[in-house]
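Single-letter residue listing:
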Amino acid sequence: MPSGEPAGPEAPNPTESRSGDGTAASVTAAQSLMSGRVPDVQRTGFFKPLPAGGRLARLWAALGLVLGRRLATVVRDDHLFLIAMAAVVGITSGATAGLLLWWIELSIKLFPRPEEGPAALRWSVLILVPVIGGLVAGGLRIVASRLEGKGLVAGVPAVIEAIDRRHGNIHGRSGLVTGLGTGVTIGSGGSCGHEGPSVAIGAAVGSVVARFFGLRMRRHLAMVGAGCAGGLAAAFNAPLAGVIFTVELVFGGAIGGNVGTMSVFIPLIVAAVTGTFTSYAIRGDQTAFSLASHDVPAVPEIGVYVAMALFAGVIGSMMSRAVLVSQARFDTLRLPLWLKPALGALGVGLLAAVFSNQVLGAGHGTVHEALHGQLAWQLAAVLLVLKIVATALTVGSGGFGGVFMPSLYVGACLGTLMGTLAGVALGPAAQDTGAYALVGMGAIFAAMMHAPLTPIVMIFELTRDWGIILPLMLCCILSVVVARRVNATSFYKMVLSHRGVILSHEAEGEVMKRGLVRELMLRPDRVLTEAATLEEIRHAALEAELRSVFVVDAEGAVLGFINGNQLARHMLDGTVQPESSARDLMGQRHLTLLYPTDTLAGAMLAFARSGQEVLPVVDADRRLVGLLRRGDLLSHYSDKVLGEQESVVQVHQGTGEPDQEVGLGKGLILDRLVVGRAWAGRTISELELRLRTGVLVLEWCRGDDVIAVDPRKPLREGDTLAVCGTREQILAARSLR
């Protein structure tokens, strides 16, 4: 990919004219390619305008537009077009996954790891080689920070964030840096896996392909998901696992499981299949593990599997927390960014030198031993703990790699321990330890990710072993149930929360739960004592704009409140005596108190139940320290939740041409205006909605019919206009009526 990549998809203007002839558009784009000029509007129903930029960027963008439009002209069907694009993404992501595996194998050979020789030499190598790899990884982090800033997409959490925050816009250089760093980290002995980076690289491939062909936002996201599915499927030669992983963890994390219709599933399936075929063509019929078949477990073994699921739920949660704690500790260290991965690698090297070098690398050899019953239970117990620590040091310090493979490693060790216990308790009737190791792998992964379906499908797809499917399903489900009692969220969401990322579909709850009352409360300018006269009460109520005025004692503790509106009604009725004091007029029932440390979500509930417009904020001694107004709380909610949301709407043009996709930026909302008598007979041009208010008319409905948005066509009473703008702009448009 040239350095001058096209920019991400932009929201088109639906009122602009379009070329309905794909062939003519291709000719125009081809002329632009030859001349180096980019016209203002060049798109079909599938593509966005070409971006402005350097000559190389214009040539690259124009080439993609020509190829994409030619394909769209030949296919003439949106679903087939998506299938073709998904196949391209699958082939490319499968090839990059194969390239990543080749680079990891080469890196392992580049970094020496002598097994024989003097002890001092072996210790030195075991310690220094990971440190060297950590220094290289740190250097790549510096390069990435200068190229991408904080936008490096090096793992699944970053992919989820990119989908949620940037509509899946991921630069190709993120994939390049991630691939190089992953090979160096694993090759030098870092305790991590390549599966997460394979997903991130596949997502980058999907994004680059989508931008190259100019796909719009929804199709762009579909291609990013296709890249994730293709990358993981190629890493394991397991297409179903790639699809389920993308749906359950990537899209499930980014958009709350709302993956839409088959327009999303079909590209994932196509990319996973083509990615697997590509990986097979490059590397042959290689799977991550060589597995033996197993018999159906005996009934007494179910108890052992249930116990293992309980342990897996706790251990998987502990592993997630260990990585997060390590990240937090390394983040607080006042060290250069390039030095932190080396410091983590030093810890891993010391573990390898002092205890066992089997903690180094991804650990496929140890998992292979466990799956074939060749791992001693004493060593499995030690490695289970060491692998969690080593993974926390590697990933937490900034090394490139994911926790996918380490979770399988820890699960295999746990399964070995439980299989040994079953053998002692049940004798020959128990399954071999390899069966328990296999189930333990799925249980630990499910516990960390709170995702039972992915490991069930992946392990069954790899083994095709019906004898293991029942205990596998049981353990994965139970481990997730236990893990959710320990950690409220999955590992990926914990990572995002640590980075301060609030996903859009969770923003409503998270913003209000994280915000505190003290952030919005106001200083109480006017309060009343019990002995306050009617005149003082009247002045205070008028200053408070007839809202509640609070009555306090000599120590400042809240005793009650006086509602200004109710006081005004009583004064008009003549039921208030001139000699009445605040003690006589204040209300004490249903007095709702807030504390500065209360969450805004709790305050919103308090307002709903109290029915008041202002609530007092008090300290532990009930002394008044502030006031919280309902309007301020609603404004905060609107600004932080509604104002930060971005969405894509489908706009019907009513002309038989492909629908337009319009991206709404932050703070923009979509609303509908019903045409009344004041607007009937006038045109949109005469109303000057865009000029006078700033709103944009996106859709025009007359009854059940969608008609073309024609600024010169008269409106009729009862017509509905879908408009886009800020809240203030839409309110201004409503006031014109």
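Above this text you will find the structure in question.
Okay, so let's go over this structure. (Residues numbered from 1 in each chain as written. Predicted model: local features only at pLDDT ≥ 70, side-chain atom pairs only at ≥ 80, totals over all residues. Heavy atoms only, no water.)

1. Some remarks on the environment of A352
Part 1 of the reasoning: If you trace the backbone, A352 turns up in helix 12 (residues 340–354).
Part 2 of the reasoning: The class for A352 is buried, based on a relative accessible area of 3%.
Part 3 of the reasoning: In sequence terms A352 and I127 are 225 residues apart; their C-alpha atoms lie 7.6 Å from each other.
Part 4 of the reasoning: Excluding anything up to four places from it in sequence, A352 contacts L126, N357, V359 and L360. (Helix = DSSP H or I, 4+ residues; strand = E, 2+ residues; numbered from the N terminus. Buried < 20%, exposed > 50% of the residue type's maximum accessible area, 1.4 Å probe, protein only. Contact = heavy atoms within 4.5 Å.)

2. Concerning the packing of aromatic side chains
Pairs of aromatic rings are described using the distance from one ring centre to the other and the angle between the two planes.
Part 1 of the reasoning: Applying the stated rule across the entire model yields six aromatic pairs.
Part 2 of the reasoning: Between Y305 and Y436 the ring centres are 4.4 Å apart and the planes differ by 10°, which places this aromatic pair in the stacked class. With Y305 in helix 11 (residues 301–332) and Y436 in helix 16 (residues 433–449), the pair connects residues that are 131 residues apart, well separated along the chain. Both residues of the pair, Y305 and Y436, belong to the buried class.
Part 3 of the reasoning: A network of ring pairs unites the aromatic residues F236, F245, F404 and F445 as a single cluster.
Part 4 of the reasoning: Geometry around F400 places R141 over its ring, the cationic atom sitting 4.3 Å from the centre. (Phe/Tyr/Trp six-rings, centres within 6.5 Å; stacked < 30°, edge-to-face > 60°. Lys NZ or Arg CZ within 6 Å of the ring centre and 35° of its normal.)

3. Digging into the side chain of T454
Part 1 of the reasoning: With respect to the helices, strands and loops of the structure, T454 is situated in helix 17 (residues 453–463).
Part 2 of the reasoning: By relative accessible area, which is 1% here, T454 ends up buried.
Part 3 of the reasoning: In this structure, T454 is in contact with I244, F245, E248, L249 and F445, ignoring residues within four places of it in sequence.

4. A short note on the packing of helix 12 against helix 14 (residues 377–397)
Part 1 of the reasoning: The N-to-C vectors of helix 12 and helix 14 enclose an angle of 165°; their axes lie 7 Å apart at closest approach. Between helix 12 and helix 14, the angle is such that the two are roughly antiparallel. Handedness of the crossing formed by helix 12 with helix 14: left-handed. For the pair helix 12 and helix 14, the contacting residues are K340, P341, G344, G347, V348 and L351 in the first and L386, V389, A390, L393, T394 and S397 in the second.
Part 2 of the reasoning: Here the residues of the contact of helix 12 with helix 14 sort into seven nonpolar, four polar and one charged. (Axes fitted to C-alpha atoms, helices over the stretch in contact; angles between N-to-C directions. Parallel < 35°, antiparallel > 145°, perpendicular 65-115°, else oblique. Left-handed = near helix turned anticlockwise from the far one by under 90°. Nonpolar A, V, L, I, M, F, W, Y, C, P; charged D, E, K, R; others polar.)

5. Quick word on helix 16
Part 1 of the reasoning: For helix 16, spanning 17 residues, the distance from its first C-alpha to its last is 24 Å, which sits close to the expected 24 Å at 1.5 Å a residue.
Part 2 of the reasoning: The backbone nitrogen of G434 lies 2.9 Å from a side-chain oxygen of the residue at the head of helix 16, namely D432.
Part 3 of the reasoning: One or two residues past the end of helix 16 sits H450, with phi positive at roughly 55°. (Expected span 1.5 Å × (residues − 1). Polar contact = N/O pair within 3.5 Å; in protein donor to acceptor, adjacent residues only side chain to side chain.)

6. Re a nonpolar patch on the surface
Part 1 of the reasoning: On the surface, L333, L335, L343, L346 and L350 cluster together to form a nonpolar patch covering roughly 360 Å² of accessible area.
Part 2 of the reasoning: Counting through the fold element by element, L343 comes out in helix 12.
Part 3 of the reasoning: Judged by its relative accessible area of 36%, L343 falls in the partly exposed class. (Patch = residues over 30% accessible without salt bridge, like charges linked within 9 Å, V, L, I, M, F, W, Y side chains within 5 Å. Areas by Shrake-Rupley, 256 points an atom, 1.4 Å probe, with all protein chains shown as cover. Salt bridge = Lys/Arg side-chain N within 4 Å of Asp/Glu carboxyl O.)

7. Comments concerning the pattern of salt bridges
Part 1 of the reasoning: By the definition in use, this model includes seven salt bridges.
Part 2 of the reasoning: Two residues, D719 and R702, come together in a salt bridge whose shortest N-O distance is 2.8 Å. Here D719, found in the loop between strand 10 (705–707) and strand 11 (720–725), pairs with R702, found in strand 9 (residues 696–702); they are 17 residues apart in sequence, far enough to count as distant. For the pair D719 and R702, one class covers both residues: buried.
Part 3 of the reasoning: Beyond isolated ion pairs, a larger network of salt bridges with shared partners links D619, D621 and R623.

8. Section: unusual backbone geometry
Part 1 of the reasoning: Of note, the phi angle at N237 is positive, near 55°, even though the residue is not glycine.
Part 2 of the reasoning: Note on placement: N237 falls in the loop between helix 8 (217–236) and helix 9 (239–255).
Part 3 of the reasoning: Although it is not a glycine, E688 sits at a positive phi angle of roughly 55°.
Part 4 of the reasoning: The residue E688 is located in the loop between helix 26 (684–687) and helix 27 (689–692) in this model.
Part 5 of the reasoning: Since its relative accessible area comes to 37%, E688 is described here as partly exposed.

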